[in-house]
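What follows is each chain in one-letter form.
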Amino acid sequence: MSCPKSILISAYLDEELPGSDRAALEAHVQGCAQCGAALQDMRSLRAAFANRSRHQAPYGFATRVMAKTAELDKKKAPWFVPLFIRFAEAAVLLIVITVGILAGTVMTNGSAATKTTNIASSLSLDLFDANPPGSLGGAYLAMTEVRNEK
Amino acid sequence: MFFVQTNDDLDLIERFQNGETSAFGEIVLKYQDKIYNLCRHMLGNAHNAEDAAQDVFLKAYQALPKFQPDASLYTWLYRIATNTCIDYKRKPIFESLFGDSGEGERLVHDLASDAPSPEKLYQSKQIDQALQVCLGKLSPKLRAIIVLKEVEELSYEEIAETLDISMGTVKSRIARAREDLQKCMKKYQGTKSGFVRLNREETE
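The structure presented is a predicted model; accordingly, all values stated were derived computationally and were not measured. (Residues numbered from 1 in each chain as written. Chains lettered and ligands numbered in written order. Predicted model: local features only at pLDDT ≥ 70, side-chain atom pairs only at ≥ 80, totals over all residues.)

Overview of the overall build of chain B
Phase 1 of the analysis: Within chain B, the secondary structure is distributed over 11 helices and one strand.
Phase 2 of the analysis: The helix and strand sequence of chain B, counted from the amino end, reads α-α-α-α-α-β-α-α-α-α-α-α.
Phase 3 of the analysis: Within chain B, the fraction of its 204 residues that count as buried is 36%.
Phase 4 of the analysis: Within chain B, residue pairs in contact and separated by at least 24 positions form 72% of the contacts whose partners lie at least 6 positions apart. (Helix = DSSP H or I, 4+ residues; strand = E, 2+ residues; numbered from the N terminus. Buried ≥ 20, exposed ≤ 12 C-beta atoms within 10 Å, placed from the backbone. Contact = placed C-beta atoms within 7 Å.)

See below:
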């Protein structure tokens, strides 16, 4: 076997070569100083990586991330939403006040038609006659007028 | 599909999509360390890593309502994370080496507990710094793929699914990333002044 390319030695180190290729490369590397050195260099590099510390996230990392997600949620709401909420609140307040006034009026004064009639009759000047219509004096005068005509 | 969607994840997704915002908090708590670690290795310093990791979760928060549970949440988050880190505007390299203390971040592997000799510690630190600089010299796509392989220890199939590329591309990119890193590391390894020289080049 001629010297394999570094890609094969690299895959051999990572145990990613199929069985037959692996056996052939293993046999070659044992008898070839150059390929043996190349494999050793890759192992040294792996050892350098293995000596490095594993790092864990700093304290409070998750809290900071969650605070930023909350900021994102705030920004996500369209600009008109707060304005819309204010208008909706004002409209509801107005409706409640109007309904309250109407309900109060109906309950104390009866129907609107009766109220109109009462107002018209209270404004009539007939009230100030010497014998207002419907009174006992008025009835007497009406009877005497009928008698005189006869 | 190579990442299996867990019942826990399905439940969290469903709850979130039904309007329960707190379910997203549980997703963040579950995946924050994995995503942060990926960003930390991709970007080289704690400040940028936190910034990018936050971006990852905010993008996920906005996209999750339309997320289809037939894809794995884990793969999906990794894809967002690698893309975010690839597109991230990096700070100058000297900041990632000297201007960042990593204040607040937690390390899983405590070197002091292994009690290495000062020489070994020094050597290990030098190699680590050289690796970080060399990672920074890789193109973002090669950096992403080597981090997924060597740091996150994903298989080729998992990487292909995460990055949405073919297996052949995964294989060739990993080999190329290794070659480039080895060349860069060899250039400075074994010389005491090597690392100083490297930083001088970076600032020029």
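Next comes the rest of the account.
Focus on the interface of chain B and chain A
Many authors give the size of an interface as the accessible area that is lost as the parts come together.
Phase 1 of the analysis: At the junction of the two partners, chain B supplies 39 residues and chain A supplies 29 residues.
Phase 2 of the analysis: Sorting the residues of the side of chain B that touches chain A by element identifies α2 (22-43), α3 (46-63), β1 (106-107), α7 (118-137), α8 (140-150) and α10 (167-188) of chain B as the ones contributing at least two each.
Phase 3 of the analysis: Looking at the side of chain B that touches chain A, its residues break down into 18 nonpolar, 10 polar and 11 charged. (Nonpolar A, V, L, I, M, F, W, Y, C, P; charged D, E, K, R; others polar.)

A word on the nonpolar core
If you look at soluble globular proteins, the nonpolar side chains tend to sit buried side by side.
Residues and elements named next belong to chain B.
Phase 1 of the analysis: With 61 residues, the main nonpolar core has Ile 35, Cys 39, Ala 53, Val 56, Leu 77, Ala 81 and Ile 145 as its most contacted residues.
Phase 2 of the analysis: Per element, the largest residue contribution to this core is 10 residues, and it comes from α2.
Phase 3 of the analysis: What Ile 35 contacts, discounting residues up to four positions off in sequence, is Ala 53, Val 56, Leu 77 and Ala 81. (Core = buried A, V, L, I, M, F, W, Y, C linked by C-beta atoms within 7 Å.)

Some remarks on helix α4 (residues 73-87) of chain B
Residues and elements named next belong to chain B.
Phase 1 of the analysis: Between the first and last C-alpha of α4 there are 21 Å, a value that for 15 residues agrees with the 21 Å anticipated at 1.5 Å per step.
Phase 2 of the analysis: Listed in full, the buried residues belonging to α4 are Leu 73, Trp 76, Leu 77, Tyr 78, Ala 81, Thr 82, Thr 84 and Cys 85.
Phase 3 of the analysis: The inward-facing, buried residues of α4 abut α1 (7-17), α2, α3, α8 and α9 (156-163). (Expected span 1.5 Å × (residues − 1).)

Regarding unusual backbone geometry
Phase 1 of the analysis: Backbone geometry at Glu15(A) places phi at a positive 55 degrees, although glycine is not the residue there.
Phase 2 of the analysis: In this fold, Glu15(A) is placed in the loop between α1 (6-13) and α2 (19-31).
Phase 3 of the analysis: At Asp164(B), a position not held by glycine, the phi torsion is positive, near 55 degrees.
Phase 4 of the analysis: By the secondary structure assignment, Asp164(B) is in the loop between α9 and α10.
Phase 5 of the analysis: When the 9 C-beta atoms within 10 Å are taken as the criterion, Asp164(B) is described as exposed.

A few points about the packing of α2(B) against α4(B)
Geometry of a packed helix pair, given as the angle between the helix axes and the separation of the axes.
Residue and element names in this part refer to chain B.
Phase 1 of the analysis: Between α2 and α4, the shortest axis-to-axis distance is 10 Å and the interhelical angle comes to 25 degrees. Taken together, the axis directions place α2 and α4 in an arrangement best described as roughly parallel. Between α2 and α4 lies a crossing whose hand is right-handed. Together, Tyr 31, Ile 35, Leu 38, Cys 39, Met 42 and Leu 43 of α2 and Leu 77, Ala 81 and Cys 85 of α4 make up the contact between the two elements.
Phase 2 of the analysis: When the residues that make up the contact of α2 with α4 are grouped by side-chain class, the tally is nine nonpolar, no polar and no charged. (Axes fitted to C-alpha atoms, helices over the stretch in contact; angles between N-to-C directions. Parallel < 35°, antiparallel > 145°, perpendicular 65-115°, else oblique. Left-handed = near helix turned anticlockwise from the far one by under 90°.)

A closer look at the packing of helix α4 (residues 61-76) of chain A against α3(B)
Phase 1 of the analysis: Axis separation between α4(A) and α3(B) bottoms out at 10 Å; the angle between their running directions is 45 degrees. If you check the angle between α4(A) and α3(B), you find them oblique. The way α4(A) lies across α3(B) gives a crossing that is right-handed. Residue-level contacts link Phe61(A), Arg64(A), Val65(A), Lys68(A), Thr69(A) and Leu72(A) of α4(A) to Glu50(B), Gln54(B), Phe57(B), Leu58(B), Tyr61(B) and Gln62(B) of α3(B).

Brief notes about the environment of Gly168(B)
All names here are of chain B.
Phase 1 of the analysis: Turning to its location among the elements, Gly 168 is positioned in helix α10.
Phase 2 of the analysis: The class of Gly 168 is exposed, set by 11 C-beta atoms lying within 10 Å.
Phase 3 of the analysis: Residues Gly 168 and Tyr 156 lie 12 residues apart in sequence; the distance between their C-alpha atoms is 9.2 Å.

Some words on the confidence of the model for chain B
All names here are of chain B.
Phase 1 of the analysis: The share of residues in chain B with pLDDT of 70 or more is 75%, and the mean pLDDT across the chain is 81.
Phase 2 of the analysis: Counted against residues more than four places away or in other chains, residues 93-99, with its pLDDT under 50, gives 15 contacts.
Phase 3 of the analysis: Every residue in residues 192-204 scores below 50 in pLDDT, and together they form 13 contacts with partners more than four places removed in sequence or on other chains.
Phase 4 of the analysis: Scored as a whole, the predicted complex attains pTM 0.68, and scored at its interfaces, ipTM 0.76. (pLDDT = per-residue confidence, 0-100.)

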